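Residue-level structure breakdown
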Amino acid sequence: MTETDFLFYLGVLLFSCGLLIVFTKKNALLVLMGIELMLNAANLNLVLFNKQQAGMDGQLFALFVILVAVCEAAVGIAIILRVYHYYQSAVPDRINNLKEHE
Amino acid sequence: MPYLSLLIFVPVLAALIALVIPTRYTRAFPWLTLAATVLQLFIFIAMATHFNPADGLQLSEKKSWISVSLSNWGHLQADYFVAVDGLSFPLVGLSVVIMLIATISSWSVSKSRKGYFILLLILNAAIIGSFCALDFLLFYVFFEFMLLPMFFLIGIWGGPKREYASIKFFLYTLLGSIFILIVMVGLYLSVQPPESSNQVHTFNVLHMQNQENFIPGSVLDATGSGTWRLWAFAILFIGFAIKLPAVPFHTWLPDAHVEAPTAISVILAALLLKIGGYGILRFVYPVFPDGAVYFSDWVAGIGVVSIIYGALNALASKDLKRLIAYSSVSHMGFVLLGIASATTEGIAGAVYQMVSHGIISAMLFLIAGVLYDRTNDRLIENYSGLALPMKHYTAFVLIAFFASLGLPGFSGFIGEVLIFFGAFQSHTLNNLVPFWMPLVATLGLLLGAGYYLWTIQRMFFGPFAIKTMHTELNDLTPREYSMLLPLAILAFLFGILPQLLLNYINPFAENFIGLWFSLGLNANP
Amino acid sequence: MSESNTLYLLIATLLIPVASAGIAFVVKEKYGWLIPVVSSLLLLSAAVIILFPLLADGQQTETYATTWLSIGTTSVQVGILSSPVTRLMAAVVLVVSTMVHIFSIGYVVHEKNTDRYFGFLGVFTFAMLGLVYSSNLLVTFCFWELVGFCSYRLIAHKQYKPAASRAATKAFLITKAGDVAFLIGLLLLWIQTGTLELPTLTTGATASTLAGICIFIGVVGKSAQFPLFNWLPDAMQGPTPVSALIHAATMVAAGIFVLVQLAPVFTPETLWLITGVGVTSALMAAVGAWLATDIKKILAYSTISQLGFMLMALGLGEISGAFAHLLHHAFFKAGLFLSAGAIIHSLHQATHHQPDFDVQDIRNLGGLRKQMPLTFAGFAVCAAALAGIPATTGYLSKEMILTTVHQQNLWWLEFAVWVIVFATPLYIFRLLWFTFLKPAAHTLHIQEAPWVMRIPVLVLAAGSVTFLVYKGQLQSFATQMLQLQISVPAWIMVGSVVVTSMALLVGWLRRNARIRQREFIIQNFLDEWNAQLILLTTFVARLANVFDRKWIDGSIHALAYSKVALAHMVGWADKNIVDGTVSGITHITRGLGGVARSVVNGKIQSYLLWAIAGLLIFIIWMLY
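Summary of the structure given here. (Residues numbered from 1 in each chain as written. Chains lettered and ligands numbered in written order. Predicted model: local features only at pLDDT ≥ 70, side-chain atom pairs only at ≥ 80, totals over all residues. Heavy atoms only, no water.)

What about the overall build of chain A?
Looking only at helices and strands, chain A has 3 helices and 0 strands in total. Each helix and strand of chain A, placed in order from N terminus to C terminus, yields the pattern α-α-α. A compact globule built from 102 residues should have a C-alpha radius of gyration of about 13 Å, whereas chain A, at 17 Å, is more than 25% larger. Reported as C-alpha extents along the three principal axes, the dimensions of chain A are approximately 55 × 25 × 20 Å. The proportion of buried residues among the 102 residues of chain A is 25%. Considering only intrachain contacts with a sequence separation of at least 6, the fraction spanning at least 24 residues in chain A is 54%. Within the structure as shown, chain A displays about 7,300 Å² of accessible surface, and the carbon and sulfur contribution to it stands at 70%. (Helix = DSSP H or I, 4+ residues; strand = E, 2+ residues; numbered from the N terminus. Rg over C-alpha atoms; globule rule 2.2 N^0.38 Å. Buried < 20%, exposed > 50% of the residue type's maximum accessible area, 1.4 Å probe, protein only. Contact = heavy atoms within 4.5 Å. Areas by Shrake-Rupley, 256 points an atom, 1.4 Å probe, with all protein chains shown as cover.)

Right, dumping it as structure tokens:
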């Protein structure tokens, strides 16, 4: 396994952790963190792929991703705050108005 | 002049009129029924002047009734075919007389008169129709039509256990009807009238009596192995034997009789039981003579068992009506014995016994009714010395009892002597009835004397005592006289002048046996 | 006398008793006193009428018949057979019946129900005459049963007395048993010979032994022979005139009469049976008469004994002797019974019907010779005829029978007959002594019976005496009419006189012996046997009833209940299985729905999870 391969696996690991955090965490903020982690894993992938080609496209795209991630995080926190204000709880499971009632 | 149809439909018309009359006119219904039955009597007398016994089946009316084409499955053909001959004519006469007397007896009914008399009229029509119908389907319709009025008549106007008795009666005889239906359908599919094309069958029993009309290869054809025919005989015979009633198919009778009101008991004993005998003579024996020969000792055996068993049970009965009911079983056993012998005298005796028993059992049940009307109690042991307050009643009781046990001078004796003569003769003539059977059957005569005399001794002779609540024990009222006297006269008349009735029965009996001779069945097998 | 005249006269004798009965039944109670007189006059006229054909027609035989019923090739004629035998028998029946009617005027004068009494006496006389005249055996049988019915009604004349009604039932049932056998024999005869006309039967071949025995069993019942005789002593419950007519002279004689007419038909085996039964009954009943203490029972046993004597003679072929004895017996036995009736009547008057004084017990009687002289005379003459003292009719017929017995050369038979000849005067003297001759045991003042009751006794007594001398021999009316030749060996004549005298002597010597009421074991045995038979029959009847209810009806009930049980089972199956399947499907569907619904649980994270999972699966599927 080369160095690059190791970093790919790291990216996969990060993404998986992020996915896991999204699925299982009981706090919405932590879910956001998981999303951030997934984004960063994607960033890592971009940079690595950029290393194997000429040009700066990958790294440029990664900057875009970071920018978007920041915006999305801000908006997400704002939404979570409004939701918390409405539902009195930040646990995603409690926000189940879309549930099919028996 | 369609006498028979008039006879059958006059009561139907009266029933329709009764339906229209409002329920509150309770006095109208008995009079209407009486008018209808008296009219029937006149029609019968008019019919009798046109009836010549030597002509066989006559006064026939035949119209196509159901004629339905079933495309691929052929053609359903049933006719409205009624006629009388020496067998049915005396029975129709008996029906007319008994229904008139039953109407007079029904005068004391107070509950729901409208329903009662309408049902009585329907029963009237159905009984006469059964005796006249010669199309099997038509007969079956009339036969079934008898069951439902009886069910209601017993079940509503009867004694304490009436629901049980009426359901038992209905289901038991319905079972018999099912048996008849099975064989009827089988016969229909196997018989074809001589002048028709293929696929057209017939319910006409006259065609069924002629073996040439059977379609070769059909279920009930005689040229086959014949076992189906024997089965058919047995099943059809059982269907009518339930009505007769023959032991062991008789247990509906005591309960039905005991619980039924007096007039209904009279009709049941005098008429309905005869339809069983009539059915055997009209539908079973002529259509399946091979079965009759094969089963002859069984039929005679059932007859003898009925005689003795019925008499024994009568001896053990504590209830007067139950005693008379079992004695009816015993007397109808004689009819079976006569039929089984397949001799002219035996057949004539069987028909004679049927008519005679109709008259005498009507008397017997009326007598039981006279007592029951006054005391509501039929237990023999509760009475003693009734001869003292009720002299005329006792005279009729003695007449009825002695006529029933076969005292010469009354019609019962003639019937029994003829049956015994035929049964004894059958041993040497056609070997159908074993010799010992009529010998054992004579024991029934002795037992009959036993239970009747014992009842007279307990109930009528001796010091006067009654162990039950009762109204005034008046002697017979004029209404009761008017019912009992004609029956007594008839029983006496047919006892001393038997030829009056035999003139009608003889041609039938001779024709019947002639049919058997032509089939070569009278020779020793 | 022309044939049609005879026919009309004979029919008249048949119809007059019917008219008498009809009048008796119809007349209102207000005029009830008329009935005995009118009936007696009518019967008297009939008795007179019968004398014309009897005397005029001599030995002619003629049959007048018409078809009664016919079926196929079988036909039965009803008709009148006018022969010396039937005319003579009819005359005897009518004379005895007339005497009984006249006697009854006095006997039932204070009673109610004379309409029934005279009515049934009339019907009985008609039926008996019908039996006598009948030319066809089936018609004979009809009248045979009819006399049995009249006997039933007359024995139970006092309907409220339980003993009388029991005796009547017993009589009818026992004779009915015999009648059933008679019917079987008759039918067998009919089938074997093809006819029941008496003239034809008697000229044909003999019938089978079975038929003969069956007919004989009927005779045994009707004529009260062993083993069917135990009804006759009980039948004495009836009024005494009834006993005189029916149970002494006529009905019980009917059996013998029928045998007389049918005699050529019987096989030798049957005839030996007849003889045996006759001898046995005669001996047994003589013992019974000797043991009994009731007047009427003694006479009843005497009747049985004499009938047995007649049967024995018939069996040996002595038909004319038996028939002559039958006729003679009718007169003297009726006379004896009527005198007994007179005694009973007078004693009832004297004791004012005290219930504790049994007027019929001979131990209570005595000394009536002085108090009832004419009755005594009548009784004595009839008793003499019974005992067979010379110059009585009984003696004549007895001698004829003794002669025939001697000709058989059977020592045991001859011995038995001489015992009977000894026993008869013995018991009748005993009765005579205790009733009339013995010094009175009581102190009652008894009046002689009224003339209306004395005359019949005297008439019958007169008829019991031989009064004719013809061809150098004593003849009775019967033997004269039948033109019988009587040739009796001298030693028998002497011997019977000796034996009779010995019997009278023994009776005289033992006259003061105390009599107790002793059991007649044979009667008790027969009664007991009958009772056991009845118990057995009622037991079987009850068994049949239980069987009917439990088993036959029970199987119907089982069938019905099993149908209902089946219906319940099918209902259960329908509810639980068929419907259950439907419910089960419902549940499964609901479960599946629940499962499917659980996906949409409102949790965002699980939505995400499913989405990603779906995407992954899609990608993998695309790649592979």
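The rest of the description comes next.
Observations regarding the interface of chain A and chain C
Listed by partner, the interface residues are 15 residues for chain A and 10 residues for chain C. Of the roughly 1,100 Å² buried at the junction of chain A and chain C (both faces included), carbon and sulfur atoms supply 63%. For the pair chain A and chain C, the number of links is 0 salt bridges. In this assembly, chain A and chain C are joined by 2 residue pairs in polar contact (both at pLDDT 80 or more). In terms of residues, the side of chain A that touches chain C owes the most to one element, helix α1 (residues 3–24) of chain A, which gives 4 residues. Of the residues belonging to the side of chain A that touches chain C, the class tally is 7 nonpolar, 3 polar and 5 charged. (Buried area = accessible area lost by both parts, 1.4 Å probe. Salt bridge = Lys/Arg side-chain N within 4 Å of Asp/Glu carboxyl O. Polar contact = N/O pair within 3.5 Å; in protein donor to acceptor, adjacent residues only side chain to side chain. Nonpolar A, V, L, I, M, F, W, Y, C, P; charged D, E, K, R; others polar.)

Section: unusual backbone geometry
All names here are of chain B. Across the junction of Val 247 and Pro 248, the peptide omega takes the value 5°, indicating a cis bond. Within the secondary structure, Pro 248 sits in the loop between α8 (227–243) and α9 (252–259). Even without a glycine there, the phi angle at Leu 59 is positive, about 55°. Mapped onto the secondary structure, Leu 59 falls in strand β1 (residues 58–69). Looking at Leu 59, the relative accessible area reads 21%, which means it is partly exposed. Residue Ser 112 is not a glycine yet carries a positive backbone phi of 50°.

Looking at the arrangement of the chains
The top pair by number of contacts, from a total of 2 pairs of chains in contact, is chains B and C. Without any contact between them, chain A and chain B keep their closest C-alpha atoms 53 Å apart.

A few points about the pairing of strand β1 (residues 62–71) of chain C
Bridge count between β1 of chain C and strand β2 (residues 74–82) of chain C: 9 bridges; the pairing is antiparallel. Bridge pairing in β2 of chain C links Ser 70 of chain C to Ser 75 of chain C. (Pairing = 2+ DSSP bridges.)

Observations regarding the nonpolar core
Of all hydrophobic cores here, the largest spans 417 residues; its most connected members are Phe 136, Tyr 285 and Phe 402 of chain B together with Met 89 and Leu 137 of chain C. If you look at the next biggest cluster of nonpolar residues, it comprises 5 residues, including Leu 19, Val 22, Phe 23 and Val 31 of chain A. (Core = buried A, V, L, I, M, F, W, Y, C linked by side-chain atoms within 4.5 Å.)

Section: the interface of chain B and chain C
Every contact between the two is made by 59 residues of chain B and, on the other side, 49 residues of chain C. A buried area of about 4,600 Å², summed over both sides, lies between chain B and chain C, and 72% of it is on carbon and sulfur atoms. Applying the counting criterion to the chain B and chain C interface returns 2 salt bridges. Note that Asp 115 of chain C is salt-bridged to Lys 391 of chain B, the shortest N-O span being 3.7 Å. Taken together, the links from chain B to chain C amount to 14 residue pairs in polar contact (both at pLDDT 80 or more).

A few points about α1 of chain A
With 22 residues, α1 of chain A extends 31 Å between its outermost C-alpha atoms, agreeing within 8% with the 32 Å of an ideal straight helix rising 1.5 Å per residue. Every buried residue belonging to α1 of chain A is among Phe 8, Gly 11, Gly 18, Leu 19, Val 22 and Phe 23 of chain A, and all of these are buried. The buried residues of α1 of chain A all sit within an arc of 140° when viewed along its axis, so they share a single face. Opposite its buried face, α1 of chain A presents the exposed residues Glu 3, Tyr 9 and Leu 20 of chain A, each directed more than 90 degrees away. Where α1 of chain A is buried, its residues touch α2 (28–51) of chain A together with α23 (604–623) of chain C. (Expected span 1.5 Å × (residues − 1). Arc of directions from axis to C-beta.)

Points about the packing of helix α5 (residues 137–155) of chain C against helix α8 (residues 209–222) of chain C
All names here are of chain C. Put simply, α5 and α8 touch, their axes get as near as 12 Å, and they point 25° apart. Overall, the two elements α5 and α8 adopt an arrangement that is roughly parallel. At the point where α5 passes α8, the crossing takes the left-handed sense. Of α8, the residues touching α5 (which contributes Leu 137, Trp 144, Val 147 and Gly 148) are Ile 215, Gly 218, Val 219 and Lys 222. Classifying every residue of the contact of α5 with α8 gives 5 nonpolar, 2 polar and 1 charged. (Axes fitted to C-alpha atoms, helices over the stretch in contact; angles between N-to-C directions. Parallel < 35°, antiparallel > 145°, perpendicular 65-115°, else oblique. Left-handed = near helix turned anticlockwise from the far one by under 90°.)

As far as function goes, none of this settles anything; it's purely spatial.
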